[in-house]
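# Chains, contacts and geometry: an overview
In case you want the letters, here they are:
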Amino acid sequence: MTLLAADSLRSPLVRLRGIGKRFGPVQVLRGVDLDIFGGEVLVLAGENGAGKSTLIKILGGVHTDFDGTIEIDGQVVRPRSPLEAAALGVAIIFQELSLVPTLTVADNIFLGRPLTRRGFVDDAGQRAAARRLLDQLGLDIDVDQRVEDLSIAQQQLTEVAKALARDARVIVMDEPTSALNAPEVEKLFGLIADLKARGCGIVYITHKMEEIERIADRIAVLRDGEHVGAAPAAELPPAKLVNWMVGREVEHQFPRHAGQPGAERLRLDGFSVWRNGRGNRPTVEGVSFSVHAGEILGVGGLQGSGASDLFGGLFGAYGAQVGGQAWLDSRPLAIASPRRAIDQGLAWLTNDRKATGLVLPLSIIANATLADLPRLSTAGWRRPPLEIAAAREQGATLALRAASLDMEVGLLSGGNQQKVALAKWLQTRPRLLLLDEPTRGIDIGAKREIYQLMNDLTARGLAILLITSELPELLALSDRLVVLHRGRLTAEFSRAEATPEKVLAAAMGRA
Amino acid sequence: MTPEQTGSAFSPARLWSNPASRALIALVLVFVLGCVFNADGAFFKLGTHRDTLRQASVFGILACGMTLVIISGGIDLAVGSVLALVAVAFSLMSIHWNWSPWVVLPLCLLLGAAAGGMAGGVTAWFGIQPFIATLAMMVFARGLAKTLSGGMKVSTAVKQADGNYHYVDVPAIFRFIDNRILGGHLSMVTVIFALCAAVAWVLLARHRWGRELYAIGGNEEAARLSGVSVAWTKLLAYAASGALAAVAGLCQAAQEQQGDPEAGVGYELTAIAMVVIGGTPLTGGRGGIGLTLLGTLTIGYLDKILSINAVPEASRLMLTGAIIVAAVLTQRRRRS
Ligand SMILES: Nc1ncnc2c1ncn2[C@@H]1O[C@H](COP(=O)(O)OP(=O)(O)OP(=O)(O)O)[C@@H](O)[C@H]1O
Ligand SMILES: [Mg+2]
């Protein structure tokens, strides 16, 4: 193995030279060089919109119209489709998953390269092979299940299995952990270590510093579409890395100013949510707590804790399938529909911007104003100048980077999409903000700006309920914390009391 | 990143990437075709253009309603039948019962809107696919049209009590709709089409409802969670499509001077083709009335050019089919 690794260090598996790419008049990549070696994890870092996803889409055969050359094993190639790239040994796990939701896990794994017998798809063979593969990876996923019924994490891991089924030697992962919880991340890292040992080259895109520190062997940085540099991870401590990415110094801390809680904003008494209808077990059961104006209340819990359902229930996303009592500013909260919730001053940033947050074919302006249209129109007639002003203001607050505000949201980089989703809710001027994974996919500089924004908002009297799978973020930002386990509240901590251990124990129901 | 603007703003690639310019190019190509195969100068006569526009108008009105529904992510197969239903009802009320147009016209619009709205309501509240719900309405409305008319054309030949037919005058409202203005150079139905398109455009582009239709077509769940009342918004789109089908039915009846329960068969497909050729995708969330106008003109002119060149109908249909595929292929959103 070591021999192999040393060998492959000399000649890279993949060599990108002078890659340039433009969309219409917008140049997003300029003269980018990148080497990918076997047996190594290369972290590709850079701000939102720096061009990371675009670069790997070129390697993966998604964008076929670009400048520069791609060499694989010394051969100049030009993959014209993801299938061709796969045939060349390159597998990409895109930021936006590319599984077919209505097909089964097995069908997805062999999609485009089915196992056949006498010209027909060998269903039994595929299922057996898929099962073997998943077992090898230590994944407990039913191969007959439809992908749409899997959790995002399981879908993510299915993508990895799909890549392996094609004997990929270069595996690119674009922010693969953005929807994974801690144990699942461990599983993925275990997988990566395996792949590395087999001599595969891994390209890993992430905005999470802890992950970079843990798995990077080498780091390459893009800024504004240009290659800033590449260096062994050991030579690139976090401060320097951030400097490369942002072009200036950024303190990597959580700047939470201790808030001064005001009047009680929301109080829940025995609140329950029947997400799957009254006949079933409630996903949130008898939860009681309160949040004050100017306060950030963290809601901790593992997957399936019901924290997200609690938000949805409060917001009226499941209609009146709720029980118990809820007061907003000492008045009973009317829970009926999202519209009703918005009118009462609630805003809910969901944790899946693609599925539930954004209307991808519409412009930034249309998305940013969608929830606030009643106020931005007169007797039903829209007022475009007001909408443009609103979008511009929110965009500036969130440091949104886009060629123009008329751009389709689907064409934005992942992090900038997240900012548009957030902009939509800030635009409604809420009194209670329900944030579910607000910094998902957001770069370090912008994260800090969002933390700062949360400070500003709470200083102006807003109350925030916060879910985040990043424990350090949860602990640092929350003035108080409640922890849910299987829909029930298991602990409540003040900022001073909360430690990672205590929160985790409570989240596993061992408090 | 501050993306730098390079190159001129006016490049062929950019022109091609915009659905409106692609639809325009298609229309221009059809015009060039007309100039080349001008059937001994027939294509250069004003009357030819007036007739083309007149014949395209009924379809164009249907296509405007269809655009609203398609943008919301649905489809409306019922418009051809609703057209027939309203044509029959309009003729019955105007010719046989002699009712005033002030009563008849609103009733007809209401009838169309109700038929469309019913299909829309079934889709919106019971989650039945638009294809199925409007297919059901397509069959039902056709049946109702036949029931009302007794299976016969409702014309100016009115059966008397003694069993003899007695011819009555064509009602004034029929003649008004079938009129020409501007010295005979423009048909009234074309003006009505233009009005319908203008109303649909304003609603889509400037009204909150229009924006919400786009949002529903683009991502229904995100729209719902952003406070859009999805069911009502959708229902209104189908009701509007039904009302526009009613307007088309009025025009059709006036032009034929009768209410034919068999009218409008297959018109829904032409309307859909016009929308799609314009560049509004069936997947919803994109497109617009401007594109549909271009699509309507493209198909309308194509048909006219083929007919003035005496291309037999059989070949005309096959050619039109091929051209629809070609147009949609060029409309396909490509990744670069
Ligand atoms: N199809 C497209 N059309 C136009 N612009 C595009 C398209 N795809 C990407 N872009 C633009 O290219 C730039 C780079 O986007 P890219 O997705 O590569 O960023 P990224 O580095 O992956 O960012 P993030 O960390 O937010 O995911 C962005 O400004 C984006 O808006
Ligand atoms: Mg990206």
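Predicted model, so just to flag it, every value in this text is computed and none were measured. Numbering of residues starts from 1 in each chain and follows the order in which that chain's sequence is written. Here the convention is simple: chains get letters from A, ligands get numbers from 1, in the order in which they are written. Where totals are concerned, whole chains, interfaces and linings use all residues; where local detail is concerned, this predicted model gives features only for residues with pLDDT of at least 70, and gives and counts side-chain atom pairs only at 80 or more. Note that water and hydrogens are dropped before the side-chain values are worked out from all heavy atoms of the structure.

## A closer look at the overall build of chain B
Secondary structure is summarised from DSSP: a helix means a run of H or I of at least four residues, a strand means a run of E of at least two, and numbering begins at the N terminus for each. Counting secondary structure elements, chain B contains 14 helices and four strands. Its C-alpha atoms give chain B a radius of gyration of 21 Å, within 12% of the compact-globule value 20 Å for 336 residues. Viewed in the frame of its principal axes, chain B has a C-alpha envelope of about 85 × 60 × 35 Å. Residue burial is assigned from relative accessible area. The probe radius is 1.4 Å, only protein chains are included, and a residue is buried under 20% of its type maximum, exposed over 50%, and partly exposed in between. Burial status across chain B gives 51% buried among its 336 residues. Counting contacts in chain B only where the partners sit at least 6 residues apart, residues at least 24 apart contribute 76% of the total. As displayed, chain B has an accessible area near 15,200 Å², and 67% of this comes from carbon and sulfur atoms. His residues and chain termini do not enter the charge count, which takes Lys and Arg as positive and Asp and Glu as negative. One atom stands in for each charge, and that atom is NZ of Lys, CZ of Arg, CG of Asp or CD of Glu. Of the charged side chains in chain B, 23 are positive and 16 negative, and the gap between their average positions amounts to 8 Å. Only the C-alpha atoms count toward the radius of gyration. The rule for a globule is 2.2 Å times the residue count to the power 0.38. Residue contacts are defined here by distance: any two heavy atoms, one from each residue, within 4.5 Å place the two residues in contact. Only the protein chains shown count as cover for residues, and all accessible areas are computed by the Shrake-Rupley method using a 1.4 Å probe.

## Quick look at the sheet that holds strand S16 (residues 322-328) of chain A
Residue and element names in this part refer to chain A. Read from one edge of the open sheet, four strands run S14-S13-S16-S17, paired in antiparallel fashion. Of all strands in the sheet, those with a lone pairing partner are strand S14 (284-292) and strand S17 (331-332), marking the two edges. Pairs of strands are assigned from DSSP output, requiring at least two bridges between the strands. As judged from the two bridges shared by S16 and S17, these two strands associate in the antiparallel manner. Bridge assignment links Trp 327 to a residue of S17, and that residue is Pro 332. With respect to the sheet, helix H10 (residues 307-314) is in contact with strand S13 (264-273), S14 and S16, its orientation differing from that of S13 by roughly 110 degrees. Helix axes are fitted to C-alpha atoms over the stretch in contact, other axes to C-alpha atoms as well, and angles between N-to-C directions run from 0 to 180 degrees.

## Let's talk about helix H5 (residues 123-136) of chain A
Residues and elements named next belong to chain A. Across its 14 residues, H5 extends 20 Å between first and last C-alpha, which sits within 8% of the 20 Å expected from 1.5 Å per residue. Considering only its buried residues, H5 is in contact with helix H4 (105-109), strand S8 (120-121) and helix H6 (152-165). Looking one or two residues past H5, Gly 138 carries a phi angle of roughly 70 degrees, positive in sign. Multiplying 1.5 Å by the helix residue count minus one yields the expected span of that helix.

## So, the confidence of the model for chain B
Residue and element names in this part refer to chain B. pLDDT is a per-residue confidence score from the predictor, ranging from 0 to 100. For chain B, the mean per-residue pLDDT works out to 89, and 93% of the residues sit at or above 70. Per-element mean pLDDT across chain B ranges from 62 in helix H1 (residues 12-17) up to 97 in helix H9 (residues 208-218). Scored below 50 in pLDDT, residues 1-10 makes 19 contacts in the model with residues more than four places away or belonging to other chains. Prediction confidence for the complex, expressed as pTM and ipTM, is 0.87 and 0.88 respectively.

## Quick notes on the interface of chain A and chain B
A common way to state how big an interface is: give the accessible area lost once the parts meet. Between chain A and chain B, the residue contacts involve 48 residues of the former and 33 residues of the latter. Accessible area that two parts lose when put together, evaluated with a 1.4 Å probe and summed over both, is termed the buried area. Interface area for chain A against chain B, summed over the two sides, is near 3,300 Å², with a carbon-plus-sulfur share of 55%. Its largest share of buried area at the contact with chain B, chain A owes to Pro 25, Trp 381 and Arg 382 of chain A, together 19% of the area lost on that side. For salt bridges, the criterion is a side-chain nitrogen of Lys or Arg within 4 Å of an Asp or Glu carboxyl oxygen. Linking chain A with chain B are two salt bridges, by the criterion used here. Identification of polar contacts relies on pairs of N or O atoms within 3.5 Å, with a donor-acceptor requirement for protein atoms, meaning one able to donate a hydrogen and the other able to accept it, and with residues adjacent in sequence counted only if both atoms are side-chain atoms. Where chain A packs against chain B, one counts 12 residue pairs in polar contact (both at pLDDT 80 or more). Residue polarity is assigned by list, with Asp, Glu, Lys and Arg as charged and Ala, Val, Leu, Ile, Met, Phe, Trp, Tyr, Cys and Pro as nonpolar; anything else, Gly included, falls into the polar class. For the side of chain A that touches chain B, the per-class residue count stands at 25 nonpolar, 11 polar and 12 charged.

## Some thoughts on the site of ligand 1
Residues are counted as near a molecule or strand when any one of their heavy atoms sits within 4 Å of it. Around ligand 1, the surrounding shell holds 20 residues, and the nearest of these are Lys 52, Ser 53, Thr 54, His 207 and Gly 415 of chain A. Taken together, the residues near ligand 1 originate from chains A and B. In this structure, Ser 53 of chain A approaches ligand 1 through a side-chain N or O atom, which is 2.7 Å from an oxygen atom. When the free accessible area of ligand 1 is taken as 630 Å², the share hidden by the protein chains comes to 88%. Mapped onto the shell around ligand 1, the elements with two or more residues apiece are helix H2 (52-59) and helix H16 (414-427) of chain A. The element best represented in the shell around ligand 1 is H2 of chain A, accounting for three residues. Its residues assigned to classes, the shell around ligand 1 shows seven nonpolar, 10 polar and three charged. The split of the chain into domains comes from an automatic or database domain assignment. Per-domain counts for the shell around ligand 1 show at least three residues from each of domain 1 (14-89 + 168-246) and domain 2 (264-507) of chain A.

## Some details on the domain arrangement of chain A
All names here are of chain A. For chain A, the assigned domains read domain 1 (14-89 + 168-246) and domain 2 (264-507). For domain 1 and domain 2, the distance between their C-alpha centroids amounts to 31 Å. Taken together, the contact between domain 1 and domain 2 spans 18 residues of the former and 16 residues of the latter. Both sides together, the interface formed by domain 1 and domain 2 hides about 1,300 Å², and carbon and sulfur atoms give 48% of it.

## A short note on the environment of Leu 115 of chain A
Within the secondary structure layout, Leu 115 of chain A lies in the loop between H4 and strand S7 (116-117). What Leu 115 of chain A contacts, discounting residues up to four positions off in sequence, is Phe 110, Phe 120, Val 121, Asp 122, Gly 125, Gln 126 and Ala 129 of chain A.

## A few points about the packing of helix H4 (residues 79-96) of chain B against helix H11 (residues 230-256) of chain B
Residue and element names in this part refer to chain B. In contact at an axis separation of 7 Å, H4 and H11 are set at 55 degrees when each is read in the N-to-C sense. One element, H4, and the other, H11, form an angle in the oblique class. Judged by the twist between their axes, the crossing of H4 over H11 is right-handed. Note on element contacts: H11 touches H4 through Ser 241, Gly 242, Ala 245, Ala 246, Ala 248, Gly 249, Leu 250, Gln 252 and Ala 253, opposite Val 79, Val 82, Leu 83, Val 86, Ala 87, Phe 90 and Ser 91. Of the residues in the contact of H4 with H11, the class split is 11 nonpolar, five polar and no charged. Orientation categories follow fixed angle ranges, with anything under 35 degrees roughly parallel, anything over 145 roughly antiparallel, 65 to 115 roughly perpendicular, and all other angles oblique. Should the near helix be turned anticlockwise from the far one by less than a right angle, the crossing is left-handed, and should it be turned clockwise, the crossing is right-handed.

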